[in-house]
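This is what each chain is made of:
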Amino acid sequence: MTQCSWLKQEFLIDGEWDGVSLDARFRHFKAGIGAGCSTLGDAFWITLGAVSLQLLPAATEQVQAMRATVAFESGLWIITHDLLEQEVSFLNTTTGLVETFPLVSEGGERSAGSYSVELMGIPVVETARGNVTLDSVMALCYLQQVHASHTVYGSANANDLAVTIEVCFNLLDEQAAKLKAQCTSAKRSASTAATALKKAREQRIADGLPVSTDLDADEARLAKDLDSANAEVRRLETELETHQALLAVRTSEQARVLQAAADAGAAADRAQQALAPLYEARGQARAALAQARQDARKHTHCPVCEQLLKQATGPGPACYLCQQPYAGHSQRQARKEERVAVAQAALAAVETNLKTGQQQAQQTIDLRTARAQAAHKAVGRTDAYRAAEITPREKAKSRATATAAETRAALAAVKDRRKELTRLNDLERRCEQAAAAAEQARLAWAMAEGDAQHVRERMAKDLSVIFAETVIPMAPDKIRSASIDPKTFMPKLNNRTPKQLARSAGMINIANNGLHLTFLKAACALPNVRLPRALWLDSPLDGLGGGREGALLVSRVLQAVTATADDDAQIVLATAYDLPPVAGALTTEHDSHHPVVPHARTAADDAL
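No experiment lies behind these values; they were computed from the predicted model shown.

## Quick look at the overall build of the protein
The helix and strand tally for the protein stands at 13 helices and 13 strands. Counting every position in the protein, which comprises 608 residues, the buried fraction comes to 40%. Pairs at least 24 apart in sequence give 68% of the contacts found in the protein among residues at least 6 apart. If you sum the accessible surface of the protein, you get close to 32,200 Å²; carbon and sulfur atoms cover 53% of it.

Below is the structure:
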């Protein structure tokens, strides 16, 4: 059960707040047409955030805002609805907490109505089948005059109402709902798989594709050929690895020989370069010897005229050129001859060194020639080995790889040709799996639905007992049996549905009054019922008929209503009839000149 007491409803008109008190366990507005009782009831629920109700144009022109004072389990709340801004603010007078929400949710934000439902202690549940909304909760707590003689539950959204009833009466089995959705999805999947399988089979027959055995034979043959080609590639790769290793050894030896040849060539070049100074020294020595010999040779002719020199006489040896006596001629000549000997010796030494250098240079040249020949032979052996052992195997490997690629392509082509057959097999398997899953989901949902249905039937039975005790005394001569349908939670009188009751005068009113009184009693008496222990009845007796029979029905309905009054519950009733004595009732009289909104303008064009 949910604690909820309606204390006051106020209106902001011409800048002034005023309204009417609702603070009584039985609040009776004795009023007729034009007193504004229907507007008051609608305004209260609109203040809380209901969106299915609309104020009359005359009221909309006067009212700028509305304010309701309500006591919930969480404290005393003042709820203000700004009609211009379309926002509702909630003030907890105990804690000072203020929350503001839009009337209509946009972008997934919480709405004012959902917050009001939460304050009532009712979970705001959203499912694929429907949602718990303030308007659907209102249909269980507010009987409007406009619907009292025509329909049960007013104009509430059927899907939202069904979910709200399940939540308020603790009937919502999320597991059963989930299993039902899974069952539906599994059935849909199984049907889709069966349709796809049927179409695939028809298309295969129309295309004349090969059967599975043909494709199996081709695939087995090509797979064997591919294995053989891959084995040949692997064998050649192994042989290539061995011969390439040997070739690497030979290549290394070849590089070493080539390096030695290069080193020998460099040494020969250096030896040749070293002979140049020796040749130069030999030339210089030969020039020096020639000069010495020239100096030591006697001149018999004049170097100018080339005539024979005449020999002169005198003491001492004469100069051979000028024939003049020269005492140091023999010593000078000896020195010249000595220089000739020295020059000859120097030339001989240079010749010896040159000969030695030439021998060494020749040796380096011979070594270079020998190493160049060895390098040429090494290169030839390496090229021959590559040509004899490596190149044929590389060509064979290329051919084997090409064969393997062709075989692989052929095998892929076979697999491509059997894709449709494979897809058909997959469709068959998926169809079987989907059918099995659908059957399992059906069984699981059937079991869960059975449990949930048992709970629903037990709740409907408890409500039926209360409903029968409430509604049969209203018309004992007309009603023999009364119950609540466990599937729809619609009332039945004499086993007749509301649609059938509509043909009987006053029976819809009796069913509506009895149903709403039943909900109020259930909120007070039954455990796990999440409904406010408050009920608003707006002129619910107007369709009971006239005359003595109508008056009798009105009297009995009023007795049932007043008998439902409880210390833990609240009833707000608007009717022009007098009430039987009710302890703790607060009655005020109103008419078109004294409306329930005290400061509303009462002119005909401005009447609420």
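Let us keep going from here.
## Details of the nonpolar core
A general tendency of soluble globular proteins is for nonpolar side chains to be buried together. Ranked by size, the top nonpolar core spans 107 residues in total, and within it Trp6, Trp45 and Phe169 carry the most contacts. The element best represented in this core is helix H12 (residues 507-525), accounting for 10 residues. Among all residues touching Trp6, those that are not within four sequence positions of it are Leu22, Asp23, Phe44, Trp45, Thr69, Val70, Cys141, Ala534, Leu535, Trp536, Gln570 and Val572.

## Points about the sheet that holds strand S12 (residues 570-575)
Pairing is parallel across the open sheet formed by 5 strands, whose spatial order is S8-S11-S12-S3-S13. Unpaired on one side and paired on the other, strand S8 (142-143) and strand S13 (585-590) mark the two borders of the sheet. Strand direction decides the pairing type here: strand S3 (residues 26-31) and S12, joined by 5 bridges, are parallel. Its bridge partner being in S12, His28 is matched across the sheet by Leu573. Against the sheet, H12 engages S8, strand S11 (534-538) and S12, with an angle of about 165 degrees to S11.

## Considerations on the packing of aromatic side chains
Counted according to the given criterion, the structure contains 14 aromatic pairs. Judged by centre distance (5.6 Å) and plane angle (40 degrees), the ring pair of Trp6 and Trp536 falls under tilted. Residue Trp6 is located in strand S1 (residues 4-13), and its partner Trp536 is located in strand S11; the two are separated by 530 residues in the primary sequence. A single burial state applies to Trp6 and to Trp536, both of which are buried. With 6.3 Å between their ring centres and 80 degrees between their planes, Tyr142 and Trp536 make a pair best called edge-to-face.

Conventions and cut-offs
- Residues numbered from 1 in each chain as written.
- Predicted model: local features only at pLDDT ≥ 70, side-chain atom pairs only at ≥ 80, totals over all residues.
- Heavy atoms only, no water.
- Helix = DSSP H or I, 4+ residues; strand = E, 2+ residues; numbered from the N terminus.
- Buried < 20%, exposed > 50% of the residue type's maximum accessible area, 1.4 Å probe, protein only.
- Contact = heavy atoms within 4.5 Å.
- Areas by Shrake-Rupley, 256 points an atom, 1.4 Å probe, with all protein chains shown as cover.
- Core = buried A, V, L, I, M, F, W, Y, C linked by side-chain atoms within 4.5 Å.
- Pairing = 2+ DSSP bridges.
- Axes fitted to C-alpha atoms, helices over the stretch in contact; angles between N-to-C directions.
- Phe/Tyr/Trp six-rings, centres within 6.5 Å; stacked < 30°, edge-to-face > 60°.

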